[in-house]
Amino acid sequence: MKILIVNGPNLNLLGKREPEIYGRISMVDYLEKLKSEFLSHELSYYQSNIEGELINRLQEDDFDAVIINPGAFTHYSYAIADCLKNIQKPKVEVHISNIYKREEFRQKSVTAACTDAVLSGFGIEGYRLAILSLK
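The rules behind these values
Residues numbered from 1 in each chain as written. Predicted model: local features only at pLDDT ≥ 70, side-chain atom pairs only at ≥ 80, totals over all residues. Heavy atoms only, no water. Pairing = 2+ DSSP bridges. Helix = DSSP H or I, 4+ residues; strand = E, 2+ residues; numbered from the N terminus. Axes fitted to C-alpha atoms, helices over the stretch in contact; angles between N-to-C directions. Contact = heavy atoms within 4.5 Å. UniProt positions renumbered as here; feature names shortened; annotations may be inferred. 1 Å grid on protein atoms, 1.4 Å probe; cavity = no way out; pocket = protein on both sides within 12 Å on 5 of 7 lines; lining within 4 Å. Buried < 20%, exposed > 50% of the residue type's maximum accessible area, 1.4 Å probe, protein only. Polar contact = N/O pair within 3.5 Å; in protein donor to acceptor, adjacent residues only side chain to side chain.

Take the sheet that holds strand β2 (residues 42–47) next. Reading across from one edge, β2-β1-β3-β4-β5 is the order of the five strands in this open sheet, with parallel pairing throughout. Two strands in the sheet have a free side with no partner beyond their single neighbour: β2 and β5 (117–120). Shown here is a sheet whose adjacent strand axes are inclined to one another by a mean of 20 degrees, direction ignored. Helix-sheet contacts for helix α3 (residues 51–58) involve β1 (2–7), β2 and β3 (65–69), and the interaxial angle to β1 is about 175 degrees.

Here we come to the UniProt feature "active site" (unreviewed entry) in the protein. Per the UniProt record, "active site" (unreviewed entry) is found at Y22 and H95. Taking the farthest pair of C-alpha atoms as the criterion, the annotated set spanning 74 residues converges on one region, since that pair is 9.5 Å apart. Set against the largest pocket, the annotated residues named above that line it are Y22 and H95. In this structure, Y22 sits in helix α1 (residues 19–22). We classify Y22 as buried; its relative accessible area is 8%. With near-sequence residues (within four places) excluded, Y22 lies in contact with L14, R17, I96 and R102. Looking at the secondary structure, you find H95 in strand β4 (residues 91–95). On the basis of relative accessible area, H95 is assigned to the buried category, the value being 5%. In this structure the side chain of H95 is engaged in a polar contact, spanning 2.6 Å, whose partner is the side chain of E93.

Tracing the backbone shows H75 in the loop between β3 and α4 (78–85). In this structure the side chain of H75 is engaged in a polar contact, spanning 2.8 Å, whose partner is the backbone oxygen of K108.

What follows concerns the UniProt feature "site: Transition state stabilizer" (unreviewed entry) in the protein. As annotated in UniProt, the feature "site: Transition state stabilizer" (unreviewed entry) corresponds to R17 in the numbering used here. Mapped onto the secondary structure, R17 falls in the loop between β1 and α1. Given a relative accessible area of 18%, R17 falls into the buried group. Setting aside anything within four residues of it in sequence, one finds R17 in contact with P9, N10, L11 and Y22.

And the structure:
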């Protein structure tokens, strides 16, 4: 299975950004760990701080399933939500932190309703759990 992992704004700073919330491992290092564990899957990764670039990547449609952490776009990007709505493949939204224990504005996801499942608060292991959930 070809799984595309997409991360939104500021997630390029994983391992450096607020390590008490987001952990101390970079996504590049974590992705290598995932690739070595899930040998039967083809994992690809894309990150952008720009909303339109995320949408363009998702519209390339060269994957069997998508795992997305829209970052701050989670809370207000109806454009990403519309894009996800039109992807007829398995989709899992992942949040490293428990968004429901954070600031009020972070507790609303406009993208979640356009995915099949949401994982929130499992740390970076949420990506691993998302892969396990895909069939």
